[in-house]
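If you want the building blocks of each chain, they are given just below.
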Amino acid sequence: MASILVVTPTYQRVDGSDAIHPLCIESIVSQQFDGYMDWHIGRHNPYKGQTHKNVLAQYQMMRRLFLAGAWDALVTVEHDNVLTDNGIVQRMYDTKADVVYAPYLLRHSSNVLNTWRYEGDRNLGMSLSLYPQELAAFRRAGVGRISGCGMGCTLFRRHTLELLEFRQGDGDAYAPDIPFAVDALHAGFVSVGRFDAPVLHVEGDGLMDNIKVLALQSVVALVNEQGMRLIAGESYELPRSAAVELQRAGYVAHVALHPETPEVLPFADEAPKAKRGRKSKA
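**Student:** Is there a simple way to think about the overall build of the chain in this case?
**Tutor:** Looking only at helices and strands, the chain has seven helices and 17 strands in total. For the chain, the proportion of its 282 residues judged to be buried stands at 51%. Pairs at least 24 residues apart make up 73% of the contacts formed inside the chain by residues separated by at least 6 positions. Surface accessibility of the chain: about 13400 Å² in total, with carbon and sulfur atoms responsible for 51%.

Pasting the structure below:
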């Protein structure tokens, strides 16, 4: 029978409580998985303050925990991510790939998808937010090959973590997502995005989102410091910050909020427990 370990790295507030968003907890315990699903909350933060050194330490610890057990796959769900329906983990597990990424919007003012374009086995591409037609095709198909990279909700098969470690990048780049994606490419592993499994990324008290816009003029627009060509009459999904500026300039018209950020989250007041799952007390 299939078995997975879900790990949520977090830190503890001054009062000792875990800094996990309540919607994150609710969305994990509501998952329905046809097998054994164990959930572990990671609290390994050996460095003072909120530093990427702790992020790396958390991922290295969860890898050791996973390899010490007999689970088939490791699923990371970071503490500010929210699974949008109770079948996301199952769909990710059922996907034939070595590493499976659920799409969500990166924060720190970038507001682009974490799923980066596949451009061969040597170098990472850029966010698929910059390739709207390819992204739309992947969303219609539900799945598409990518090169990485943000690991806020990601499934790793056992054989990938037996070979690859979570490591530091160059210089002071302690976040392990880009180094892992590069190593996976070089090892020949196949990474895909599961585009029918969108995840909400909480920022402060709200949720990050994209906006659907209609291009009123053909123009090369600056979107998150990258040039993006807009064709008059075509629809695009842009980060809210970029869409607002382009609308002010008269280049686009707002159409609707992206469906990845529904106004009402699809969770009941009391979420069901994970199917045959066990919540770790660690």
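There's more to say after this.
**Student:** Which parts of the structure should I look at to understand the nonpolar core?
**Tutor:** Nonpolar side chains in soluble globular proteins tend to be buried together. Within the largest apolar cluster, 59 residues are counted, with the highest numbers of intra-cluster contacts made by Ile 4, Val 6, Leu 74, Val 77, Phe 156 and Phe 180. Sequence-distant contacts of Phe 156, that is, excluding residues within four places in its chain, are made with Asp 72, Ala 73, Leu 74, Thr 76, Asp 98, Val 99, Met 151, Leu 161, Phe 166 and Phe 180. Formed by 15 residues, the second largest nonpolar core is a distinct cluster that contains Leu 130, Val 213, Tyr 236 and Ala 242.

**Student:** Help me out: how do you make sense of helix α2 (residues 52-68) in this one?
**Tutor:** Owing to its 3.6 residues per turn, the α-helix brings residues three or four apart onto one side. Between its first and last C-alpha atoms α2 spans 24 Å; for 17 residues at 1.5 Å apiece the expected length is 24 Å, and the two agree. Where α2 is concerned, the buried positions are Asn 54, Leu 56, Ala 57, Gln 58, Tyr 59, Met 62, Arg 63 and Phe 66. On its buried face, α2 sits against β1 (3-9), β2 (36-42), β3 (73-77) and α5 (158-163).

**Student:** Where do I start with the confidence of the model for the chain in this structure?
**Tutor:** Parts of the model with low pLDDT should not have their predicted coordinates read in detail. Residues at a pLDDT of 70 or more form 84% of the chain, whose mean pLDDT is 85. A low-confidence stretch, residues 256-282 (pLDDT under 50), is modelled with 63 contacts involving residues beyond four sequence positions or located in other chains.

**Student:** Please explain the side chain of Arg 194 as it appears in this structure.
**Tutor:** If you trace the backbone, Arg 194 turns up in strand β9 (residues 191-194). We classify Arg 194 as buried; its relative accessible area is 16%. Ignoring anything within four residues of it in the chain, the contact list for Arg 194 reads Arg 91, Met 92, Thr 95, Val 100, Tyr 101, Ala 102, Pro 103 and Gly 142.

**Student:** Just to check I follow, could you spell out the packing of aromatic side chains for this structure?
**Tutor:** Remark: the centre distance and the inter-plane angle together describe each pair of aromatic rings, the angle taken between the planes. Tallied over the full model, the rule gives seven aromatic pairs. Judged by centre distance (6.4 Å) and plane angle (15°), the ring pair of Phe 66 and Trp 71 falls under stacked. Like Trp 71, Phe 66 is buried. Of the aromatic side chains, those joined through ring pairs into one cluster are Tyr 59, Phe 156, Phe 166 and Phe 180. Between the NZ or CZ atom of Arg 157 and the centre of the ring of Tyr 93, over which it lies, the distance is 5.2 Å.

**Student:** Where do I start with unusual backbone geometry in this structure?
**Tutor:** A negative phi holds for most residues other than glycine; trans holds for most peptide bonds. For the bond from Gly 148 to Cys 149, the omega torsion is 15°, close enough to zero to count as cis. Here Cys 149 lies in strand β7 (residues 143-149).

**Student:** It is not clear to me how the pattern of salt bridges should be interpreted in this structure. Could you clarify?
**Tutor:** Two side chains with opposite charge may pair up if their charged atoms get near one another. Applying the stated rule across the entire model yields nine salt bridges. Salt-bridge contacts for Arg 91 lead to Asp 85; the nearest nitrogen and oxygen are separated by 2.9 Å. Across the pair Glu 134 and Arg 117 runs a salt bridge whose closest N-O atoms are separated by 2.7 Å. Highlighted residues: Glu 134 in helix α4 (residues 132-141) and Arg 117 in strand β6 (residues 115-117), separated in sequence by 17 residues. Arg 117 gets classed as partly exposed once you look at its relative accessible area, which sits at 25%. Where salt bridges share partners, they join Asp 85, Arg 91, Arg 194 and Asp 196 into one cluster.

**Student:** So what exactly am I meant to see when it comes to the environment of Tyr 47 here?
**Tutor:** If you trace the backbone, Tyr 47 turns up in the loop between β2 and α2. In this structure, the C-alpha to C-alpha distance between Tyr 47 and Ala 57, residues ten residues apart in sequence, is 8.9 Å. Among residues more than four places away in sequence, those in contact with Tyr 47 are Lys 53 and Asn 54.

Cut-offs used in this document
- Residues numbered from 1 in each chain as written.
- Predicted model: local features only at pLDDT ≥ 70, side-chain atom pairs only at ≥ 80, totals over all residues.
- Heavy atoms only, no water.
- Helix = DSSP H or I, 4+ residues; strand = E, 2+ residues; numbered from the N terminus.
- Buried < 20%, exposed > 50% of the residue type's maximum accessible area, 1.4 Å probe, protein only.
- Contact = heavy atoms within 4.5 Å.
- Areas by Shrake-Rupley, 256 points an atom, 1.4 Å probe, with all protein chains shown as cover.
- Core = buried A, V, L, I, M, F, W, Y, C linked by side-chain atoms within 4.5 Å.
- Expected span 1.5 Å × (residues − 1).
- pLDDT = per-residue confidence, 0-100.
- Phe/Tyr/Trp six-rings, centres within 6.5 Å; stacked < 30°, edge-to-face > 60°.
- Lys NZ or Arg CZ within 6 Å of the ring centre and 35° of its normal.
- Salt bridge = Lys/Arg side-chain N within 4 Å of Asp/Glu carboxyl O.

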